[in-house]
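Structural overview
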There are 2 protein chains.
Amino acid sequence: MRLTLLGTGNAAQVPVYNCGCPACALARVNKHLRRGPCCALLECGASRWLIDAGLTDLAERFPPGALDGILLTHYHADHAQGLLHLRWGTGLRIPVLAPADPEGLADLHKHPGILDFSTTLDALQPVQLGDLRVTPLPLRHSRPTFGYLLEYGARRMAYLTDTVGLSPDTQAALHGTTINVLVLDCTHPPAEEQPRNHNDLTRALDIVRTLRPRRTVLTHIGHAFDAWLMRHHASGAAIPALPPGVTVGLDGDSIALHPDTAC
Amino acid sequence: MRLTLLGTGNAAQVPVYNCGCPACALARVNKHLRRGPCCALLECGASRWLIDAGLTDLAERFPPGALDGILLTHYHADHAQGLLHLRWGTGLRIPVLAPADPEGLADLHKHPGILDFSTTLDALQPVQLGDLRVTPLPLRHSRPTFGYLLEYGARRMAYLTDTVGLSPDTQAALHGTTINVLVLDCTHPPAEEQPRNHNDLTRALDIVRTLRPRRTVLTHIGHAFDAWLMRHHASGAAIPALPPGVTVGLDGDSIALHPDTAC
Ligand SMILES: [Mn+2]
Ligand SMILES: [Mn+2]
Ligand SMILES: [Mn+2]
Ligand SMILES: [Mn+2]
Ligand SMILES: [Zn+2]
Ligand SMILES: [Zn+2]
């Protein structure tokens, strides 16, 4: 079971167009620090699923047949815009599993092309995709949104974005579950007031304390959080900015969970 | 006055994902034959306007301040999807002039970011953009769509996509006008029945005969028309596939109209 983060940015991406902040300036000269829109590849046994489709070059990245399907967290453009072109392929059927959201994105549902939106997922109702068991977890966001608990044998990943905090339902569903890897929305640097649609670092670490995953990778990063991290790295402070076991994902990072190793 | 065609494909682009037709196979190995989604750069005196925004890497292509604004023909994804990311820039205001279409694309109108959609254009009511005079021409398509007559001194370009045929209004507006360059929707190879939303070659050439431009560049090309062109080039037929003065655009083609030269 391996998850590769293909896009770890928020909707604005990093660098933000016309932004001169230190994080955007650095990402402009160092491509490894750029953050694309939300997209991750999940490889599990023989199956390959995309989680979210914010990247707009999916037809270039994935040869026909390379994907078994796409799990969509929600229909915001930064998670689904890559489907606007991919749908016009030919001779294929690609299932897109997503929360019920009749509006979808633009005219995707009206003109699905090769995409099959016929199966919608229900909150907390697991589905079996080959050897992978997927449980949709309702998130707190500005439109219907699921995170996903991904189970392969005894290995478990939770992919939770976009969200601000966690609903009681989702907390209850994960209570007592050993999560090997948590991939978590952390769009903003620590904020005094709770942001509206996304975690800041304070709320993200609250979730980490609640769920106690073995390892946490923060994603959906905005430029202000990257700039905040740069300041705290540079400060030489005795207290590290992030607690042990919590890291910030980068585009291209691969997280492998082997059945025979503890993660 | 110069128009650079940045994307000359239809919504599926060329190559079409998973298509094995001769045109798609060739475009896969020869990048110069690929066709991206609709987008063109109009340079006129000191001003630079984008016509359509189907390309999804606009923030990479255009440094902040490089564009005076964007003329949108309509809100189909293949013409407007590049705005879904560009809007999240900072410290800029980019006017987007378009036909009235309350729905727009996805949540662009609800969350415009740096884009200013406040000015909508009216059919046949010219607007002056610096030295450029722009007349919106209603087209025949599946949602509110304008072509544009672009006048710079005595030089005139008409950019007409997406359309099938021309409405009497638009024909009347262009009647008697000398068009130096016509850029025209020709999505399909010659079809027996009139297609629903786009010209085939037969209808495109009907328009050429009606408007009698000095030069015509076909755009919004689908793979089947490219494949048809390959067959007719290869046939060595005495009758060329396209009449004199009519060419098929390629991504990157630049069409210059100098004030002191007849085109
Ligand atoms: Mn998002
Ligand atoms: Mn979202
Ligand atoms: Mn189109
Ligand atoms: Mn269209
Ligand atoms: Zn920035
Ligand atoms: Zn083809």
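The name that an unreviewed UniProt entry assigns to chain A is Phosphonate metabolism protein PhnP, with the source organism given as Allopusillimonas soli.

Notes on the pattern of salt bridges
Across all of its chains, the model carries 24 salt bridges over all chains by this definition. A salt bridge links Arg93(B) to Asp116(B); the nearest nitrogen and oxygen atoms lie 2.4 Å apart. Taken together, the residues span a long stretch of sequence, with Arg93(B) in the loop between helix H4 (83–86) and strand S5 (94–99) and Asp116(B) in strand S6 (residues 115–116) at a distance of 23 residues. Salt bridges sharing partners connect three or more residues here, namely Arg2(A), Glu43(A) and Arg48(A).

Some points on the packing of aromatic side chains
Remark: the centre distance and the inter-plane angle together describe each pair of aromatic rings, the angle taken between the planes. Residues and elements named next belong to chain A. Across all of its chains, the model carries six aromatic pairs over all chains by this definition. Judged by centre distance (6.4 Å) and plane angle (75 degrees), the rings of Phe-146 and Tyr-148 are edge-to-face. Assigned by exposure class, Phe-146 and Tyr-148 land together as buried.

Some remarks on the coordination of the manganese ion (ligand 1)
Residues and elements named next belong to chain A. In the first shell of the manganese ion (ligand 1), the protein supplies Asp-78 (OD), His-79 (NE2), Asp-162 (OD) and His-220 (NE2), at 2.2 Å from the metal. Each donor residue of the manganese ion (ligand 1) lies on the same chain, and together they follow the pattern D-H-x82-D-x57-H. In this structure the manganese ion (ligand 2) is found 3.3 Å away from the manganese ion (ligand 1), and Asp-162 serves as a bridging donor for the pair. Taken together, the residues Asp-78 in helix H3 (residues 77–80) and Asp-162 in the loop between strand S11 (155–160) and helix H5 (168–174) connect sequence positions 84 residues apart. Considered together, Asp-78 and Asp-162 belong to a single accessibility category, that of buried residues.

Brief notes about the environment of Leu97(B)
Residues and elements named next belong to chain B. Relative to the elements of secondary structure, Leu-97 occurs in strand S5. When its relative accessible area of 6% is taken as the criterion, Leu-97 is described as buried. For the pair formed by Leu-97 and Arg-87, sequence separation is 10 residues and the distance between their alpha carbons is 14 Å. The residues touching Leu-97, leaving out its near neighbours within four places in the chain, are Trp-49, Ile-70, Leu-71, Leu-72, Thr-119, Leu-121, Leu-129 and Tyr-148.

Here we look at helix H6 (residues 201–211) of chain B
Because an α-helix packs 3.6 residues into every turn, residues spaced three or four apart end up facing the same way. Buried residues of H6(B): Leu201(B), Arg203(B), Ala204(B), Leu205(B), Ile207(B), Val208(B) and Leu211(B), and no others. Looking one or two residues beyond H6(B), the residue adopting positive phi is Arg212(B), at roughly 50 degrees.

The rules behind each value
- Residues numbered from 1 in each chain as written.
- Chains lettered and ligands numbered in written order.
- Predicted model: local features only at pLDDT ≥ 70, side-chain atom pairs only at ≥ 80, totals over all residues.
- Heavy atoms only, no water.
- Salt bridge = Lys/Arg side-chain N within 4 Å of Asp/Glu carboxyl O.
- Helix = DSSP H or I, 4+ residues; strand = E, 2+ residues; numbered from the N terminus.
- Phe/Tyr/Trp six-rings, centres within 6.5 Å; stacked < 30°, edge-to-face > 60°.
- Buried < 20%, exposed > 50% of the residue type's maximum accessible area, 1.4 Å probe, protein only.
- Donors = N, O, S within 2.8 Å, 3.2 Å for Na, K, Ca; no water.
- Contact = heavy atoms within 4.5 Å.

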